[in-house]
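# Geometric and topological summary
The lines below spell out each chain.
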Amino acid sequence: MSWRITGGQVLREGRLVPGELHLSGDTIAEGGAGRGFDATGLCVMPGLVDIHGDAHERAIQPRPGVAFPTDFALRDAAAQCLASGITTACLGVTLSWEPGLRSVETFRATLDALAKPPPGTDLLVHLRFEADNLDAEPDALAAISAGRVHVLGFNDHTPGIVKKLSNPKELGKYAGRAGVGEAEFEALALRAKSRRGEVPESRARMAAACRAAGLPMLSHDDATLDQRAKFRALGAHICEFPMAEAVAEDARAHAEPVVMGAPNVVRGGSHLGWASAAPLAERGLVTVLASDYHWPALLAAPFRMAARGVMTLAQAWALVSENPARALGLNDRGRIAPGLRGDLALVTPDGSLAAVFLGGEPAWIAPSAAARFG
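Summary of the structure given here. Within any chain, residue numbers begin from 1 and follow the written order of that chain's sequence. Predicted model: local features are reported for residues with pLDDT of at least 70 only, side-chain atom pairs are reported and counted for 80 or more only, and whole-chain, interface and lining totals are derived from all residues. As a rule here, side-chain values cover all heavy atoms of the structure and leave hydrogens and water aside.

## What to know about the overall build of the chain
- Per the convention used, a helix needs a DSSP run of H or I reaching at least four residues, while a strand needs a run of E reaching at least two, with both numbered from the N terminus. A count of helical and extended segments in the chain gives 15 helices and 16 strands.
- Taken along its principal axes, the extent of the C-alpha atoms in the chain is 65 × 45 × 40 Å.
- Within the chain, buried positions represent 53% of all 374 residues.
- In this description, contact between two residues means that some pair of their heavy atoms is separated by no more than 4.5 Å. For the chain, the proportion of contacts with a sequence separation of at least 24, taken over those separated by at least 6, is 68%.
- Accessible surface is estimated by sampling points in the Shrake-Rupley manner with a 1.4 Å probe; for residues, cover comes only from the protein chains shown. If you sum the accessible surface of the chain, you get close to 15,400 Å²; carbon and sulfur atoms cover 54% of it.
- A distance of 2 Å separates the average location of the 37 positive side-chain charges in the chain from that of its 41 negative side-chain charges. Exposed residues in this analysis have more than 50% of their type's maximum accessible area, buried residues have under 20%, and partly exposed residues fall in between, with area computed by a 1.4 Å probe over protein chains only. For the purpose of counting charges, residues Lys and Arg are taken to be positive, whereas Asp and Glu are taken to be negative. His and the chain ends are not included. Each charge is placed at NZ for Lys, CZ for Arg, CG for Asp and CD for Glu.

Below is the structure:
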């Protein structure tokens, strides 16, 4: 079907300008007739592209010890993403040495569920591979080779977890997520740490597989310039959640995308006490925002940025659409231009979502917007 969206402010080439937008089939068209949608009073924006979001974990395991089938959970996740204006979501699937939610079994079940993806948001796999999970490396390499992974993140949470084992509250939290007793979890963590010397060679193999497959790679939680340089040498040219401003500066000096969390912007700072993302974005040190653990924050963040008065809404929207798409090599989306995917988020000036078009067709409509269809 073809669509003619009229009356709105359309984000084109970095500016919101009045105009019509035409959709034909699944792409944006130069012009033409079609069924009408009245976008008067709305901003017509490219759909949100989420480079990293792991809120789907709560759909799989809403409480410790309570799990739902993965295919059922991902249908819920796709619907939630769509209702947040996210048209492309890279699910942050953590493959850890932990049992339960982040286990190799859950990883396999997620890939199997995505073999027949649920309707709605385009769900991709951001494999967050834990450095010490050497036993699962064959699974990861096979998934990369088979084209079932779309971006690789080098995670390294084991040292931080081991440091917290003496804290009963933290140990209980980790054991509950893994679905095992505290003593068993502690033993697993210490076993993972004991193979630390094998990590560099494992990372090299993973990176080589991604380079061969043409997959983007990112480092995670870089604390030092040396860490960033080592991941850069592997080909991980996206810097995610740098833990020091100097690391972000170094990444940008090398023209690398820098990712921080949209919840950080919406809440006014990191929940872990790290750097505040908004001022770093205003300085050009943060170029991509991710939903991280809260999908609705990705839609809210550009409006919070614009309200600060340094960036326009159009400039802030690039952080959640064009820039992540470019970082991921998804050159068919993230912008409004003829021939690109017809993925759109139509929003009110105060940030409320009115409608989402996915692949050129309406996919989500707010009740208040139903009368806009002609």
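Back to the write-up after that little detour.
## Observations concerning the sheet that holds strand E12 (residues 258-261)
- Strands are treated as partners if at least two bridges between them are detected by DSSP. Strand order in the open sheet made by the eight strands is E6-E7-E8-E9-E10-E11-E12-E13, with parallel pairing throughout. Of all strands in the sheet, those with a lone pairing partner are strand E6 (48-53) and strand E13 (288-290), marking the two edges. Recorded for the sheet is a direction-independent mean angle of 25° between the axes of neighbouring strands.
- Bridge count for strand E10 (residues 217-220) against strand E11 (residues 238-240) is three bridges, and the pairing is parallel. Its bridge partner being in E11, leucine 218 is matched across the sheet by isoleucine 238.
- Comment: axis = line fitted to C-alpha atoms, over the contacting stretch for helices; angle = value between 0 and 180 degrees taken between N-to-C directions. Its contacts with the sheet place helix H2 (residues 70-82) against strand E7 (86-95) and strand E8 (122-130), and it is angled at close to 135° to E7.

## Some thoughts on the packing of H2 against helix H3 (residues 104-114)
- Where H2 contacts H3, the two axes come as close as 9 Å, and the packing angle between them is 65°. The handedness of the crossing between H2 and H3 comes out as right-handed. In this structure, H2 contributes Thr70, Asp71 and Leu74 to the contact, and H3 contributes Ala109, Thr110, Ala113 and Leu114.
- When residues are sorted by character, Ala, Val, Leu, Ile, Met, Phe, Trp, Tyr, Cys and Pro go into the nonpolar class, Asp, Glu, Lys and Arg into the charged class, and all the rest, Gly among them, into the polar class. A breakdown of the residues in the contact of H2 with H3 according to their chemical character gives four nonpolar, two polar and one charged. Helix crossings fall into two classes, left-handed where the near helix is turned counterclockwise from the far one by less than a right angle and right-handed where it is turned clockwise.

## Regarding the pattern of salt bridges
- A carboxyl oxygen of Asp or Glu within 4 Å of a side-chain nitrogen of Lys or Arg is what we treat as a salt bridge. Scanning all chains against the criterion turns up 27 salt bridges.
- Between glutamate 170 and lysine 173 there is a salt bridge whose closest N-O contact spans 3.0 Å. Here lysine 173 and glutamate 170 lie together in helix H6 (residues 168-178), a separation of three residues that amounts to about one turn.
- According to the relative accessible area criterion, lysine 173 is partly exposed, its value standing at 48%.
- By sharing partners, the salt bridges in this structure join Asp122, Asp332, Arg333, Arg341 and Asp343 into a single network.

## Let's talk about the packing of aromatic side chains
- Put simply, two rings from Phe, Tyr or Trp (the six-membered ring, in Trp's case) pair if the centres are within 6.5 Å, and we call them stacked under 30 degrees between planes, edge-to-face over 60, tilted for the rest. Applying the stated rule across the entire model yields nine aromatic pairs.
- The interplanar angle of 85° and the centroid separation of 6.2 Å between the aromatic rings of phenylalanine 303 and tryptophan 317 together place this pair among those described as edge-to-face. You can see phenylalanine 303 sitting in helix H13 (residues 296-307) and its partner tryptophan 317 sitting in helix H14 (residues 313-317), a full 14 residues away along the chain.
- Owing to a relative accessible area of 13%, phenylalanine 303 belongs among the buried residues under this scheme.
- Among the aromatic side chains, those forming a connected cluster through ring pairs are Trp3, Phe37, Phe357 and Phe373.
- Placement of a charge over a ring requires the Lys NZ or Arg CZ to be within 6 Å of the ring centre, with the centre-to-atom vector within 35 degrees of the ring normal. Stacked on the ring of tyrosine 174, the Lys or Arg lysine 173 has its end atom at 5.1 Å from the ring centre.

## Regarding H6
- Residues Glu170, Leu171, Tyr174, Ala175, Arg177 and Ala178 constitute the buried set of H6. The buried residues of H6 occupy an angular sector of 160° when the element is viewed end-on, so they sit on one face. Exposed side chains of H6 directed beyond 90 degrees from the buried face belong to Pro168 and Lys169.
- Looking at the buried positions of H6, the neighbouring elements they touch are helix H5 (158-163) and helix H7 (182-194).
- Sitting at the head of H6, asparagine 167 places a side-chain oxygen 3.0 Å from the backbone nitrogen of lysine 169.
- Backbone geometry just downstream of H6 places glycine 179 in the positive-phi region, at approximately 75°. When we speak of the arc, we mean the arc of directions from the helix axis to the C-beta atoms. Throughout this description, a polar contact denotes any pair of N or O atoms lying within 3.5 Å of each other; where both atoms belong to protein, one of them has to be capable of donating a hydrogen while the other can accept it, and for residues adjacent in sequence the pair is counted only when both atoms sit in side chains.

## Regarding the pairing of E10
- Side chains Met217 and Ser219 project from E10 onto one buried face, and the interleaved Leu218 and His220 project onto a second face that is buried too.
- With three bridges connecting them, strand E9 (residues 151-155) and E10 associate as parallel partners. In the sheet register, glycine 153 faces E10, and the bridge partner there is leucine 218.
- Looking down the strands as they point away from the viewer, one classifies a crossover as right-handed if the path from the first strand across the helix to the second runs clockwise. Crossover E10 to E11 through helix H9 (residues 225-234) is right-handed.

## Points about a nonpolar patch on the surface
- Here the term patch refers to residues with relative accessible area over 30% and no salt bridge, with like charges joined within 9 Å and nonpolar side chains (Val, Leu, Ile, Met, Phe, Trp, Tyr) within 5 Å. A grouping of Val66, Phe68 and Phe72 is seen on the molecular surface, where their side chains present a nonpolar patch of about 260 Å² in accessible area.
- Tracing the backbone shows valine 66 in the loop between helix H1 (56-60) and H2.

## A look at the side chain of arginine 228
- Relative to the helices and strands, arginine 228 is located in helix H9.
- When neighbours within four sequence positions are excluded, arginine 228 is seen to be in contact with Ser219, Asp222, Ala236, Ile238, Cys239, Val247, Asp250, Ala251 and Glu256.

## A few points about the side chain of asparagine 133
- Mapped onto the secondary structure, asparagine 133 falls in the loop between E8 and helix H4 (137-145).
- Given a relative accessible area of 5%, asparagine 133 falls into the buried group.
- Of the polar contacts made by the side chain of asparagine 133, one reaches the backbone oxygen of leucine 95; its length is 3.3 Å.
- With residues near it in sequence (within four places) discarded, asparagine 133 still touches Leu95, Ser96 and Trp97.

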